[in-house]
Amino acid sequence: PVAAINFFYSFIYGGLAVLVPLYLVERKASLEEIGFVFAVWPVVFLFARMALAAIADDAGTALVFKLNGVFSFLTALAYSLASTPPGFAAGKAFEGMNSSAFWAVARTDASRERGAKKAGDAVVLLSGIRGIADFAGRVGIGLAIAYFSFQNSLFGLLGLSALIAVIAGTIGNHGKKKITG
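Treat the numbers as computed from the prediction; the structure is a model and nothing was measured. (Residues numbered from 1 in each chain as written. Predicted model: local features only at pLDDT ≥ 70, side-chain atom pairs only at ≥ 80, totals over all residues. Heavy atoms only, no water.)

Q: If you had to explain the overall build of the chain to someone new, which residues and values would you point to?
A: Within the chain, the secondary structure is distributed over six helices and zero strands. Over its C-alpha atoms the chain spans a radius of gyration of 17 Å, differing by no more than 12% from the 16 Å that the globule rule assigns to 181 residues. Once the C-alpha set of the chain is aligned to its principal axes, its extents read approximately 55 × 30 × 25 Å. Relative to its 181 residues, the chain shows a buried fraction of 44%. Expressed as a percentage of contacts within the chain between residues at least 6 apart in sequence, the contacts between residues at least 24 apart total 84%. Carbon and sulfur atoms provide 69% of the accessible area of the chain, an area that totals close to 8700 Å². (Helix = DSSP H or I, 4+ residues; strand = E, 2+ residues; numbered from the N terminus. Rg over C-alpha atoms; globule rule 2.2 N^0.38 Å. Buried < 20%, exposed > 50% of the residue type's maximum accessible area, 1.4 Å probe, protein only. Contact = heavy atoms within 4.5 Å. Areas by Shrake-Rupley, 256 points an atom, 1.4 Å probe, with all protein chains shown as cover.)

Q: Could you give an account of helix H5 (residues 119-147), with specific residues and numbers?
A: Taking 1.5 Å of rise per residue, the 29 residues of H5 would be expected to cover 42 Å, and the 41 Å separating its terminal C-alpha atoms lies within 8% of that figure. Within the sequence span of H5, burial applies to Ala119, Ala122, Leu126, Ile129, Arg130, Ala133, Gly137, Ile141, Ala144 and Ile145. (Expected span 1.5 Å × (residues − 1).)

Q: Break down the packing of aromatic side chains for me, with residues and values.
A: One pass over the full model with this rule turns up nine aromatic pairs. When the centroid spacing of 5.8 Å and the interplanar angle of 25° are considered together, the rings of Tyr9 and Tyr13 count as stacked. In this pair, Tyr9 and Tyr13 are both assigned in helix H1 (residues 2-26), four residues apart and thus about one turn of the helix distant. Among the residues examined, Tyr13 registers a relative accessible area of 28% and is labelled partly exposed. With a centroid separation of 6.1 Å and an interplanar angle of 35°, the aromatic rings of Tyr79 and Phe88 are classed as tilted. Take Tyr79 and Phe88: they sit in the same class, and that class is buried. (Phe/Tyr/Trp six-rings, centres within 6.5 Å; stacked < 30°, edge-to-face > 60°.)

Q: Provide a residue-level description of the nonpolar core, including the pertinent values.
A: Grouped together as the largest cluster of nonpolar side chains are 44 residues, with contacts concentrated most on Ile5, Leu19, Phe88 and Leu157. Listing elements by their share of this core, those giving two or more residues are H1, helix H2 (31-59), helix H3 (61-81), helix H4 (85-114), H5 and helix H6 (150-168). Here this core takes eleven residues from H1, the largest share from any one element. Ignoring any residue separated from it by four or fewer positions in sequence, one finds Phe88 in contact with Val20, Tyr23, Leu24, Arg27, Val37, Tyr79, Ala82 and Ser83. (Core = buried A, V, L, I, M, F, W, Y, C linked by side-chain atoms within 4.5 Å.)

Q: Break down the side chain of Asn98 for me, citing the residues and quoting the values.
A: Along the chain, Asn98 turns up in helix H4. Discounting residues that sit within four places of it in the chain, Asn98 has contacts with Tyr9, Asn68, Phe71, Ser72 and Thr75.

Q: Got a sec to walk through H1? Specific residues and values, please.
A: Between its terminal C-alpha atoms H1 stretches 35 Å, which fits the 36 Å expected from 25 residues at 1.5 Å a residue. At Leu16, H1 is deflected by roughly 25°, the largest bend along its length. Lys28 lies just past H1 and shows a positive phi near 65°. (Bend = angle between axes of the 7 residues up to and from the residue.)

Structure representation (structure tokens):
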């Protein structure tokens, strides 16, 4: 399940990296408005990442993976409903929460899943999966925008986001557990 979440997270993230700026331009947003929208993500990510890592330490990683699925869905939903720069900024805020939840637990759970001696192998494998998925998401969203529309492309990402939430529901909980080797 961790590899599947890594794939879908990176696919969606890559797709949004292409879709959001193009959609803002298509909506005739000014450069200042686009800059404001993109400035939201790092601020939200920074603070949420610390909080979600602490939650994962105390409540376990399964809860944070589930939050990743919820935030992924809310990200695509917010972008789907956005018609103004503040609406897109709300999407960026959810995207920051989504990324925070993902990075708070992705490597930790992969290491636990594979065991301490193979933790490095797991990280390398997941990095490859994320790279391929990011590429596929960027190309896929470009094709979806070209052949369908921005809105329909977002609906596709909304469906994939729901899939992350379903997959996250299958992950077992890991609280404070030391990896020894």
